[in-house]
Amino acid sequence: MAGFDQKSNVVLSESKERVYSMDEGVEEIPLGLYLVKGDMIVLIGEIDEAVDQAVDLSTIRAEPIPPIRY
Amino acid sequence: MVHQQVTVELKNDLSITGVLKSVDQFLNIRLDNIKVLDEARHPHMMAVKNCFIRGSVVRYVQLPGDHVDTQLLEDATRREALNQAKR
């Protein structure tokens, strides 16, 4: 996280997108520097590096998280 | 209610349990030591311990019942109803 503001807009450096699916392991797409608008954010989580590194993403199958319904 | 164990249900039907750390004016919520209910189906947050939830995506916050003073709330609503009736 490179920065944030009042409206929970967030600037992420070295960001990665993780795509979850039932058919294959987790696909990780490097994105680089991103500005994410606050209104598109559901949750910001602090990643425990040790746990994250211990997980083999290629073995994980999961449904994508459902979209927000207002 | 800070430092209580709460469950937050999101508008994407995810439920997250954790220790409530703080709430701000937008009802953004900070949770510690989180667990996603139905973790088998949603392993996305395995490595996430603490998180910030945007107030706009929260549907419900489930509070521990024994920490809610219902008597106080009932008294307050009765008083308010009485005031409304007087006007």
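Conventions and cut-offs
- Residues numbered from 1 in each chain as written.
- Chains lettered and ligands numbered in written order.
- Predicted model: local features only at pLDDT ≥ 70, side-chain atom pairs only at ≥ 80, totals over all residues.
- Heavy atoms only, no water.
- Helix = DSSP H or I, 4+ residues; strand = E, 2+ residues; numbered from the N terminus.
- Buried < 20%, exposed > 50% of the residue type's maximum accessible area, 1.4 Å probe, protein only.
- Contact = heavy atoms within 4.5 Å.
- Patch = residues over 30% accessible without salt bridge, like charges linked within 9 Å, V, L, I, M, F, W, Y side chains within 5 Å.
- Areas by Shrake-Rupley, 256 points an atom, 1.4 Å probe, with all protein chains shown as cover.
- Salt bridge = Lys/Arg side-chain N within 4 Å of Asp/Glu carboxyl O.
- Lys, Arg positive; Asp, Glu negative; His and termini not counted.
- Charge placed at Lys NZ, Arg CZ, Asp CG, Glu CD.
- Buried area = accessible area lost by both parts, 1.4 Å probe.
- Polar contact = N/O pair within 3.5 Å; in protein donor to acceptor, adjacent residues only side chain to side chain.
- Nonpolar A, V, L, I, M, F, W, Y, C, P; charged D, E, K, R; others polar.

Chemist: It is not clear to me how the environment of Leu10 of chain B should be interpreted in this structure. Could you clarify?
Modeler: Mapped onto the elements, Leu10 of chain B comes out in strand 1 (residues 5-10). Judged by its relative accessible area of 0%, Leu10 of chain B falls in the buried class. With 24 residues separating them in the primary sequence, Leu10 of chain B and Ile34 of chain B have C-alpha atoms 14 Å apart. Look past the residues within four positions of Leu10 of chain B in its chain and what remains in contact with it is Val42 of chain A together with Ile16, Ile53, Val57 and Arg59 of chain B.

Chemist: Quick question: what am I supposed to make of a negative patch on the surface here?
Modeler: A contiguous patch of negative charge, built from Glu17, Asp23, Glu24 and Glu27 of chain A, is present on the exposed surface. Turning to its location among the elements, Asp23 of chain A is positioned in the loop between strand 2 (10-19) and strand 3 (27-36).

Chemist: Would you explain the interface of chain B and chain A in this entry?
Modeler: Note on interface size: it is often stated as the accessible area lost on association of the parts. Of the residues lining the interface, 24 residues belong to chain B; the matching set on chain A comes to 27 residues. Carbon and sulfur atoms make up 63% of the area that chain B and chain A hide from each other, which totals about 2,200 Å². Looking at the side of chain B facing chain A, the largest losses of area belong to Asn12, His44 and Arg54 of chain B, adding up to 28% of the total buried there. Run the count over chain B and chain A and you get 0 salt bridges. Applying the counting criterion to the chain B and chain A interface returns 8 residue pairs in polar contact (both at pLDDT 80 or more). With 6 residues, the single largest contributor to the side of chain B that touches chain A is strand 4 (residues 48-53) of chain B. Within the side of chain B that touches chain A, the residues separate by chemical class into 13 nonpolar, 6 polar and 5 charged.

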